[in-house]
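# Summary of the model geometry
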Amino acid sequence: MSEQEQMRERSLEEEFTKRIAQDEKIEPKDWMPQRYRQMNIRQISQHAHSEIVGMLPEGNWITRAPSLLRKVTLLAKVQDEAGHGLYLYSAAETLGISRDEMYEQMLCGKAKYSSIFNYPTLTWADIGAIGWLVDGAAIVNQVSLTHTSYGPYARAMVRICKEESFHQRQGYQIMYKMANGTPEQKAMAQDALNRWWWPSLMMFGPRDAESTHTDQSMAWKIKIKSNDTLRQMFVDQAVPQADILGLRIPDPHLRYNPETAHYEFGAIDWEEFWQVVKGHGICNKQRLADKNKAWKEGEWVRKAAVAYAEKQAKKRVRKAG
Ligand code: 3HC
């Protein structure tokens with residue numbers, strides 16, 4: 001790069017830094033550092049993969065929901081997750097990566113999706129725990145992302161957060177019903193809480209000190225709050241909710257600190273977290289196998305949609321001609 005080009009690059013970067021400092025939204029056609037583009041592609045595409053893979057554990061219970069109302073509610077939620085994935089893939093596409101490229105990265109295991117979706121859904125109470133805890137954790141994270149600096153991502157978050165509140169509420173209602181039901185139902189709800197509590201805390205990522213991206217991500221306001229801050233917000237919100245349910249959080253070290261007005265909690269099993277992130281969780285292989293099978297079996301749908309779109313385009317050209 002010539003001296004002149006380097007100077008121009010530096011002034012563009014200074015201008016960009018000023019815009020971020022003034023909380024301006026960066027739009028697709030704006031100049032941005034290549035690394036900013038890449039960091040957003042990484043985070044937004046992995047967020048989208050999480051939404052899509054997240055459909056699998058819950059989809060597993062649509063045919064086994066205990067009532068028509070629960071079936072319809074769960075169906076609506078799973079369909080919402082597909083829509084969230086589409087918003088997020090579309091937001092990532094504005095950064096210059098294709099849908100197919102992103103999807104291929106997920107199908108071959110190169111791109112990550114949230115660790116939480118590599119746990120099995122063993123009973124109906126798991127559907128309640130996922131709505132209450134997993135969607136509850138997602139909301140804590142996603143509300144902060146409505147202020148993220150990349151415009152299309154921030155706007156996608158606004159729409160997604162509105163739908164997530166319904167997801168969290170329907171899950172909490174399932175837990176409330178079971179916790180106030182028969183002793184067997186309450187035991188099932190407690191068992192689900194025992195299994196989903198710690199993996200939900202892991203959703204927020206490694207501790208800040210071990211986070212690869214947090215410093216730069218927060219400097220560019222891609223990430224608005226740090227992993228540990230969001231995790232603490234989630235714990236402070238979820239513990240009183242568990243009290244209302246009359247269920248016990250599976251953490252003997254949990255205690256409220258009146259000085260900090262926060263709940264202190266025990267050590268997270270980071271060994272388990274990294275094992276799951278690296279592909280060695282209970283359901284990692286199954287999830288990717290299911291996604292690859294769906295991709296192969298869905299080929300005819302994609303071909304038909306492209307053929308139909310081409311036919312419509314030819315019709316429009318003939319009409320205009
Ligand atoms: N699962 C899998 N990988 C994780 C992870 C998790 N829970 N937490 C962190 N990682 C990965 C990161 O992707 C990164 O790996 P990479 O460099 O290969 O991408 C590495 O661990 C280091 O972590 P960092 O803290 O440095 O990574 P981030 O700065 O990206 O922070 C994050 C992680 C907080 C999850 C952030 O990416 C984020 O906020 N993402 C957007 C929200 C999101 O993706 N949520 C997932 C759940 S979506 C959902 O729940 C759907 C709902 O409808 C139920």
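Look up a bit, the structure's there.
Residues numbered from 1 in each chain as written. Predicted model: local features only at pLDDT ≥ 70, side-chain atom pairs only at ≥ 80, totals over all residues. Heavy atoms only, no water.

### Thoughts on the site of the ligand
- Residues in contact with the ligand amount to 32 residues; listed here are only the nearest, E81, K112, E164, H213 and K223.
- A distance of 2.6 Å is found between an oxygen atom of the ligand and a side-chain nitrogen or oxygen belonging to K112.
- Within the backbone of M202, one N or O atom sits 3.4 Å away from a nitrogen atom of the ligand.
- Counting residues per element, the ones that place at least two in the shell around the ligand are helix 2 (34-53), helix 6 (124-145), helix 7 (151-179) and helix 11 (270-280).
- The greatest single-element share of the shell around the ligand, amounting to six residues, is contributed by helix 2. (Near = heavy atom within 4 Å. Polar contact = N/O pair within 3.5 Å; in protein donor to acceptor, adjacent residues only side chain to side chain. Helix = DSSP H or I, 4+ residues; strand = E, 2+ residues; numbered from the N terminus.)

### Observations regarding the packing of aromatic side chains
- Within the structure shown, the criterion is met by 14 aromatic pairs.
- Cation over ring: R64 sits above W61, and NZ or CZ is 4.0 Å from the ring centre.
- One Lys or Arg, R302, reaches over the ring of W295 and ends 3.5 Å from the middle of that ring. (Phe/Tyr/Trp six-rings, centres within 6.5 Å; stacked < 30°, edge-to-face > 60°. Lys NZ or Arg CZ within 6 Å of the ring centre and 35° of its normal.)

### A few points about the packing of helix 6 against helix 10 (residues 227-245)
- Orientation of helix 6 relative to helix 10, taken along the N-to-C sense of each, is 145°, at an axis distance of 10 Å. Along this stretch, helix 6 crosses helix 10, giving a crossing that reads as right-handed. Contacts between helix 6 and helix 10 involve W132, L133, G136, A137, V140, N141 and S144 on the former and, on the latter, L230, M233, F234, Q237, A238, Q241, A242 and L245. (Axes fitted to C-alpha atoms, helices over the stretch in contact; angles between N-to-C directions. Left-handed = near helix turned anticlockwise from the far one by under 90°. Contact = heavy atoms within 4.5 Å.)

### Some points on helix 6
- Spanning 22 residues, helix 6 covers 30 Å between terminal C-alpha atoms, matching the ideal 32 Å at 1.5 Å per step.
- Along helix 6, the helix axis deviates most sharply at I130, where the bend reaches about 35°.
- Most of helix 6 sits out of view: 20 of its 22 residues are buried.
- Capping the start of helix 6 is the job of one residue whose side-chain oxygen sits 3.2 Å from the backbone nitrogen of A125: T123. (Expected span 1.5 Å × (residues − 1). Bend = angle between axes of the 7 residues up to and from the residue. Buried < 20%, exposed > 50% of the residue type's maximum accessible area, 1.4 Å probe, protein only.)

### Regarding a negative patch on the surface
- Together, E5, E9, E13 and E14 make up a negatively charged patch on the protein surface.
- When you line up the elements, E5 lands in helix 1 (residues 3-21).
- E5 sits in the partly exposed class, given a relative accessible area of 45%. (Patch = residues over 30% accessible without salt bridge, like charges linked within 9 Å, V, L, I, M, F, W, Y side chains within 5 Å. Areas by Shrake-Rupley, 256 points an atom, 1.4 Å probe, with all protein chains shown as cover. Salt bridge = Lys/Arg side-chain N within 4 Å of Asp/Glu carboxyl O. Lys, Arg positive; Asp, Glu negative; His and termini not counted. Charge placed at Lys NZ, Arg CZ, Asp CG, Glu CD.)

### Overview of helix 1
- Taking 1.5 Å per residue, 19 residues should reach 27 Å; helix 1 reaches 27 Å between its end C-alpha atoms and fits that length.
- For helix 1, the full list of buried residues reads L12, F16, R19 and I20. Down the axis of helix 1, the buried set is contained in an arc of 95°. They therefore lie on one face. Residues of helix 1 that are exposed and angled more than 90 degrees away from the buried face: E3, Q4, E14 and A21.
- Taken together, the buried residues of helix 1 touch helix 2 and helix 9 (214-219). (Arc of directions from axis to C-beta.)

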